[in-house]
Amino acid sequence: MYKNYFNFRFINLVAVLLLAGSAVLAQSVRGRVMDATTGTNLPGVSVVVVGTTTGTTTDGQGQFTLRLDPGSYTLRVSFIGYQTETAPVQVTAGTTATVNISLKESLASLTEVVVVGSRSTQARTSTETVAPVDVIQSRDLQATGQVDLTQQINFVAPSFNSSRQTIADGTDHIDPATIRGLGPDQVLVLLNGKRRHNQALININGTIGRGSVGTDLNAIPATAIERIEVLRDGASSQYGSDAIAGVINLRLKERPGTTVNAQLGQQYAGDGRVAQVGVNHGFKIGNEGFLSLTGEFRRRGATNRVGDYTGPVYVNWNVGRNTGETDAAYVARRRTLYDQDQALIQQNNFDLSNNMQIGNSQVDNVGFFLNSRIPISAKAGFYASGGINYRKGKAAGFYRYPFQTSQVIAPLYPNGFLPNIESIINDQSLLVGVNGESNGWRWDISNVFGGNSFRFDVTNSNNASQFAQGASAQTSFYAGTLSFYQNAADASVAKDFGSQIGLKSFNVAVGATYRYDMYRIKAGEESSYRNFAPEANPSRIGGSQVFPGYQPANAINANRNVAGAYVDIETDINDNLLLNTAGRYENYSDFGGNFAGKLAARYKFSDAFSLRGTISNGFRAPSLHQRYFSAVSTVFVSTGQSVEPRQTGTFRNDSPIAQAFGVPSLTAERSVNYSVGITSRPVSNLSITVDAYQIDIRDRIIYSNQFSRGTSGAGLIVANILNGAGQQEVNSAQFFSNAVNTRTRGIDVVIATSPRLNQGSLDLTLAANFNETKLTGAIQRPTNLPNDATFGNFLFNRQDSARLTSAQPRSKLSLNVNYRLNKFGAVLRFTRFGEVVTLDPANALLDEVFSPKLVTDFNVSYRILPSINLTLGANNILDVYPDKLTKNLYPTPERFGAAVLDNSSFGRFIYSRAATQFGFNGGYYFLNVSASF
């Protein structure tokens, strides 16, 4: 009986559940969202019921389900990069409503809502903002065919510039990146709207951004990025120090589903092979929460564009003239030595065509990132993002030839050696926060911790002072580690009072920030920096060749505190007039406070014409690296009576050495930014923005050249300064100083259109940047240096000036054509890099001018399955290279003295390494496979 009763109750329960389930299903709306052109499913699309708080997002197959009571509704369907659509739906009890929606891609990036540059809730496109903003979608990054994030941005944002460096120590492994031709440290990088930490490496080599500290963008997997916003305007008052040139805001992916992107490729020359795979998977957490996880692996092979070496190898024939020696006798002596050298070269089969590596470094890169939001209540949520990145690089320095006996242990390397700098770069960050809304007030509290470390290892090298060990001498060295860590806390509230005061909007945002910065230098092992036998052979150079290790005296553990507060007001006075003003005060524990303010406006005369402009002042605080970096090594100098140890290298800005020269403590770089522009939408499928700007910067921080002691002229003056300050142990010194002022003027132009086609879709974007930077005023010499041209050159010479004013392209134009038809797609991109110029430190005859070049990229794609897309393409498809060095009259036995005009280092350098427009690797072809599930 109990069994029959249980069966009866169970059957009734199942029936009730089935009926309830059918009722729920009958009162549900189901559907699929697809790309109108390709027909592919779109995951992560927002589907909202207009007039309610009910909404959801599509899953990995583009499907969605909404449970609604019977009635008439309107669905609003929106997705980044697509035009928002609405669809009516009638929900009737006992039936299942089905709605399939196709979205058309929006007009390039100019119709997409911009986040950076405004704290208002008003949705604005880049043609409606008070300052210019580039919006770059993940699909735009992928379409470049590049794998490093800096290079991807370089080919889609004309105001952005980044070129890989070579023979530049640690800078070979990190690509300096700039906006509007300014410095890498004058652009602020945000990740999900929060400050991103700087890199540990300070660039002290002869490349773009010498003396600066940037942000390592390549530590962020491109696979994790949904879109990038580049604010091309001074924004120190809104976001803080470093934002003189602008702001780059990276937004991480949030959508559910899985995306996979893999690429194989190599240079036309057969080197530089690339293998990369990135995977992103997004989980939905409830109706509004998500968790997005990304992993990316990349292996990039080295490239080499070295020329044939013509200099001495085993015997140094490039010797100076003896006193009283005639030209004929001098040439004859050089020729005899040259013939001896050539005989040994042939005898030992020495390869003159491949004894250096001049090109991209070898890099292995692994990164993992997460991005998440979890609702706490209906109006509050917890969010977190962060990741880790590991990068191992290998780059070469200058070859050490056997004749260089002060640098080479002959029994160990009878044919000389090519030393390597091997880097290990670790990067990590974690952002956590809560935000929400209470009584109309939007609030946000967050904390982000991040850090970057750069370890130097030297391989295939020697410490020449260990010559007594012969063939058993050490060949690998740990040379030290640089690290930088930052913890930043932020609290803000904002509210729109527009409705209360009779305006369309009046948004007020206030906030407070606290930051703690830490900078460390860890010394290398003893053999990486020590000279072990100066008395036995003082000419032998101590320390690991190519990169001597940091000494214990260089070790530092410095920190500082930064406290700040800001207010940001933005108001739509009416439908036409938009005003914005902001002010920020920040106080640094190591050098004091600074205030920055901004006033901006946009007036919309019609859809066809709007006028906008900004005026602001800004600042960039000196980095801890610039204040506390030192790299001092010991050399041994013969004084005639004995051999004495002397220090040479970079001394801290607050060191007794810098004080002896009268170098003041570093202070902030200060700027005044002006911009005026027009935006236009003359027809629905055409957008135009033109923005002119001027950026005045005073007290720019530079890295000086060496001040060396001597027995006459300027060297004697340096010796007297050092001796007078009790610094007899110093032989030469260089340091950081606020020394120059600059003015940068330029114009940005962006024109985008999507012509109407009967079949397929076509997007055309023409973008350009024209800029010019000039030095203004006199070089600000340290107080104890004479007002003399020689000392001006020691501090900041012609070559240094060119790095600031002409080593980056003064113009950059890009035309991008993107066509899609059903399963087929094609991208054609033309990028014109403008002229660059290098100046010799002292000899104008060695100046070089490199003409503009046009680089063409092309790829075709085919969707072989609904979720899998195959792309075959080539970057620099016409295999264009920069102009070759023309000043290559290198020394020969018969060519010496004034007849020598050589920028090629005995023919080894074919292209300039001091100023590069787009690199010198030539064409690159690739196969890319992407999938979405």
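Residues numbered from 1 in each chain as written. Predicted model: local features only at pLDDT ≥ 70, side-chain atom pairs only at ≥ 80, totals over all residues. Heavy atoms only, no water.

Right, let's get into the sheet that holds strand 1 (residues 28–35). Strand order in the open sheet formed by 3 strands is 4-1-7, with mixed pairing between adjacent strands. Across the chains shown, the open sheet's two edge strands, defined by having one partner strand only, are strand 4 (63–67) and strand 7 (97–103). Taking each pair of neighbouring strands and ignoring which way they run, the sheet shows an average axis angle of 25 degrees. Relative to strand 4, strand 1 is paired through 5 bridges, and the arrangement is antiparallel. Bridge assignment links valine 29 to a residue of strand 4, and that residue is leucine 66. (Pairing = 2+ DSSP bridges. Helix = DSSP H or I, 4+ residues; strand = E, 2+ residues; numbered from the N terminus. Axes fitted to C-alpha atoms, helices over the stretch in contact; angles between N-to-C directions.)

It is worth spelling out helix 11 (residues 798–805) at this point. When we look at burial in helix 11, the residues that qualify are Asp800, Ser801, Ala802, Arg803 and Thr805. One side-chain oxygen at the N-terminal end of helix 11 lies 2.9 Å from the backbone nitrogen of glutamine 799; it belongs to asparagine 797. (Buried < 20%, exposed > 50% of the residue type's maximum accessible area, 1.4 Å probe, protein only. Polar contact = N/O pair within 3.5 Å; in protein donor to acceptor, adjacent residues only side chain to side chain.)

The subject of this paragraph is the pairing of strand 13 (residues 225–231). Taking burial as the measure, the 7 residues of strand 13 include 7 buried ones, the bulk of the element. Relative to strand 13, strand 8 (residues 133–137) runs antiparallel, the two sharing 5 bridges. Along strand 13, the bridge assignment pairs glutamine 137 with arginine 227. Bridge analysis of strand 13 against strand 14 (residues 246–252) gives 6 bridges, and the strand direction is antiparallel. Following the sheet pairing, isoleucine 225 is matched in strand 14 by leucine 252.

Another aspect to go through is the packing of aromatic side chains. Under the criterion given, the structure shown has 34 aromatic pairs. Ring centres of phenylalanine 350 and tyrosine 401 lie 6.2 Å apart, and the angle between their planes is 55 degrees; on these two criteria the pair is classed as tilted. In this pair, phenylalanine 350 sits in the loop between helix 5 (327–347) and strand 18 (362–377) while tyrosine 401 sits in the loop between strand 19 (380–396) and strand 20 (420–438), placing the two residues 51 residues apart along the sequence. The exposure classification of phenylalanine 350 matches that of tyrosine 401, with both residues buried. Relative to tyrosine 550, the ring of phenylalanine 547 has its centre 5.7 Å away and its plane inclined at 85 degrees; by these criteria the two rings are edge-to-face. Of the two residues, phenylalanine 547 and tyrosine 550, neither departs from the other in class, the shared state being buried. Grouping aromatic residues by their ring pairs yields a cluster made of Tyr309, Tyr314, Trp317, Tyr338, Phe350, Tyr399, Tyr401, Phe403 and Phe906. In this structure, arginine 180 is placed above the aromatic ring of tyrosine 693, and the distance from its NZ or CZ to the ring centre is 3.6 Å. (Phe/Tyr/Trp six-rings, centres within 6.5 Å; stacked < 30°, edge-to-face > 60°. Lys NZ or Arg CZ within 6 Å of the ring centre and 35° of its normal.)

Bringing the pattern of salt bridges into the picture now. Inspection of the entire model under this criterion finds 45 salt bridges. The partner of aspartate 233 in a salt bridge is lysine 598, with the nearest N and O atoms 2.8 Å apart. You can see aspartate 233 sitting in the loop between strand 13 and helix 4 (236–239) and its partner lysine 598 sitting in strand 26 (residues 592–606), a full 365 residues away along the chain. Each of the two residues, aspartate 233 as well as lysine 598, counts as buried. In this structure, a network of salt bridges that share partners links the residues Asp148, Arg164, Asp175, Glu296, Arg298 and Arg300. (Salt bridge = Lys/Arg side-chain N within 4 Å of Asp/Glu carboxyl O.)

Okay, the pairing of strand 15 (residues 257–267) next. Counting buried positions along strand 15 gives 8 out of 11 residues, so the element sits mostly inside the fold. The pairing of strand 15 with strand 16 (residues 274–285) spans 9 bridges and is antiparallel. Counterpart to leucine 264 in the pairing with strand 16 is alanine 275. Hairpin connection from strand 15 to strand 16: 6 residues lie between these consecutive antiparallel strands, with glycine 270 at a positive phi of about 95 degrees. Relative to strand 44 (residues 924–932), strand 15 runs antiparallel, the two being bridged by 9 bridges. The partner of glycine 265 across the bridge, within strand 44, is phenylalanine 926.

Between its first and last C-alpha atoms helix 9 (residues 713–724) spans 17 Å; for 12 residues at 1.5 Å apiece the expected length is 16 Å, and the two agree. Remark: glycine 726 follows helix 9 within two positions and exhibits a positive phi of approximately 75 degrees. (Expected span 1.5 Å × (residues − 1).)

Attention shifts here to the confidence of the model for the chain. As a general rule, the predicted coordinates of low-pLDDT regions are not to be interpreted in detail. The predicted model of the chain averages 89 in pLDDT, with 93% of residues at 70 or higher. Per-residue pLDDT stays below 50 along residues 1–26; that stretch engages in 10 contacts with residues further than four places along the chain or on separate chains. (pLDDT = per-residue confidence, 0-100. Contact = heavy atoms within 4.5 Å.)

Glancing now at the side chain of histidine 625. Relative to the helices and strands, histidine 625 is located in helix 7 (residues 624–628). Overall, the relative accessible area of 0% leaves histidine 625 in the buried class. In this structure histidine 625 touches Gln199, Ala200, Ile202, Val213, Phe484 and Tyr519, once residues within four positions along its chain are discounted.

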